[in-house]
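So the chains spell out like this:
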Amino acid sequence: MLEKLKNLIFDEYKRQEINIRTQSESVHYVSPLIELSEEQREILEKGDGQKLNEYKQINSSTGLAVNYYKLMEDLDLISELIFEKKPAIPLEKSQKFVNIDVFYKRNGTLYFVESKFLEPYYNYNGNEVLVDAYFDEDRYPIEIQAFHNEWHQLFLQSKDFQYYDVAQLCRHLLALYRYTHGYEGSEYQGEPVVLQSVTWEMPEHFINLLSSPSDRDKMRERVEALKEEAKRCHDMFNTLINEIDWNNMTFETLHYNDMLDEIKSNEHYRDFCKRYFF
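An account of the accompanying structure is given in this report. (Residues numbered from 1 in each chain as written. Predicted model: local features only at pLDDT ≥ 70, side-chain atom pairs only at ≥ 80, totals over all residues. Heavy atoms only, no water.)

### Structural notes on the overall build of the protein chain
Put simply, the rule reads: Labels follow the DSSP assignment, with helices taken as runs of H or I lasting at least four residues and strands as runs of E lasting at least two, numbered in each case from the N terminus. C-alpha atoms define the radius of gyration in this analysis, and the globule rule sets the expected value at 2.2 Å times the number of residues to the power 0.38. With a 1.4 Å probe rolled over the protein chains alone, any residue whose accessible area is under 20% of its type maximum counts as buried; one over 50% counts as exposed, and the rest are partly exposed. Throughout, a contact is declared for two residues whenever any of their heavy atoms are within 4.5 Å. Residues scored as charged are limited to Lys and Arg (positive) and Asp and Glu (negative), so that His and the chain ends carry no count. A charge is said to be at NZ when it belongs to Lys, at CZ for Arg, at CG for Asp and at CD for Glu.
The helix and strand tally for the protein chain stands at nine helices and seven strands. On C-alpha atoms alone, the protein chain measures out to a radius of gyration of 19 Å, which is about the 19 Å that the 2.2 N^0.38 rule sets for 278 residues. The principal-axis extent of the C-alpha atoms belonging to the protein chain is close to 55 × 40 × 35 Å. A total of 278 residues make up the protein chain; the buried ones form 55% of that total. Partitioning the contacts of the protein chain with sequence separation of at least 6, the portion at a separation of at least 24 is 69%. Looking at charge distribution, the protein chain has the averaged site of its 32 positive side-chain charges lying 5 Å from that of its 50 negative ones.

Rendered as structure tokens:
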């Protein structure tokens, strides 16, 4: 399905005369709508969360985030925008930071965003599997020991999802808990924090571009399944947040489709909508 979706986007970009650079038969690039700052570009091109120029690929979820949040930044709606933010290492006896797609500040609140574009649609199981360490209480950092049962239950519940990548979000949430609870090297100053899972909901007119009736039916079913899983994830995470009295944290599940009014006044709005079939 991945190749079908990539080919469909490529064909539509050509039809709409969007400027594409082709590296190989299956790798096609498109430049960001707004030029990145030197720091933003360097992090994306040299960081370990991305392959070189991966964010420019037409099917890139990071590319979707880059284009959306650069338009937000261009409108002066957000500040300190950085991609591939590494707030903390989730577990003890590990050196692996989490990479969260987007970080910015708005009205005194810190926002961390995990972005998804096509991944929930071309994977049979889009929910990654947490490694065993997340179920080993000896690996839990001291900051969460008082609530180890609640976190353990969260990790167990992540196994119940098929398409929505809850396992990845669990890792992000744990890293942010450490980030806001005395993690060494954290620049956190007590501000409110929001973790957002922002996904692209496949529009009906995009589904209708699929040539196979069975593919169209499967995608409509997938859209509905993702809605159900997103709601369940939202409720599950906020239940944990309330249970452990994490008063300055909010978790949200959103769709880019419902966030277009934020960028409507930007001169690149129409081009953004063309690229992502809104």
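Still to come is the rest of the account.
### Digging into the packing of aromatic side chains
Note the cut-off: Pairing of aromatic side chains here covers Phe, Tyr and the six-membered ring of Trp, requires ring centres within 6.5 Å, and sorts the geometry by plane angle: under 30 degrees stacked, over 60 edge-to-face, intermediate tilted. For a ring to carry a charge above it, either NZ of a lysine or CZ of an arginine must fall within 6 Å of the ring centroid while also lying within 35 degrees of the normal to the ring plane.
A full pass over the atoms with the stated rule returns 23 aromatic pairs. When the ring of Phe-103 is compared with that of Phe-112, the centres are 5.0 Å apart and the planes differ by 50°; the resulting orientation is tilted. Relative accessible area serves as the criterion here: at 5%, Phe-103 is assigned to the buried category. On the numbers, 5.7 Å between centres and 75° between planes, the contact of Phe-112 with Tyr-179 is edge-to-face. Placement of Phe-112 in strand 5 (residues 109–116) and of Tyr-179 in helix 6 (residues 166–179) is noted, with a sequence separation of 67 residues between them. Under the relative-accessibility criterion, Phe-112 is labelled buried at 0%. If you follow Lys-85 out to its NZ or CZ, it ends over the ring of Phe-103, 4.9 Å from the centre.

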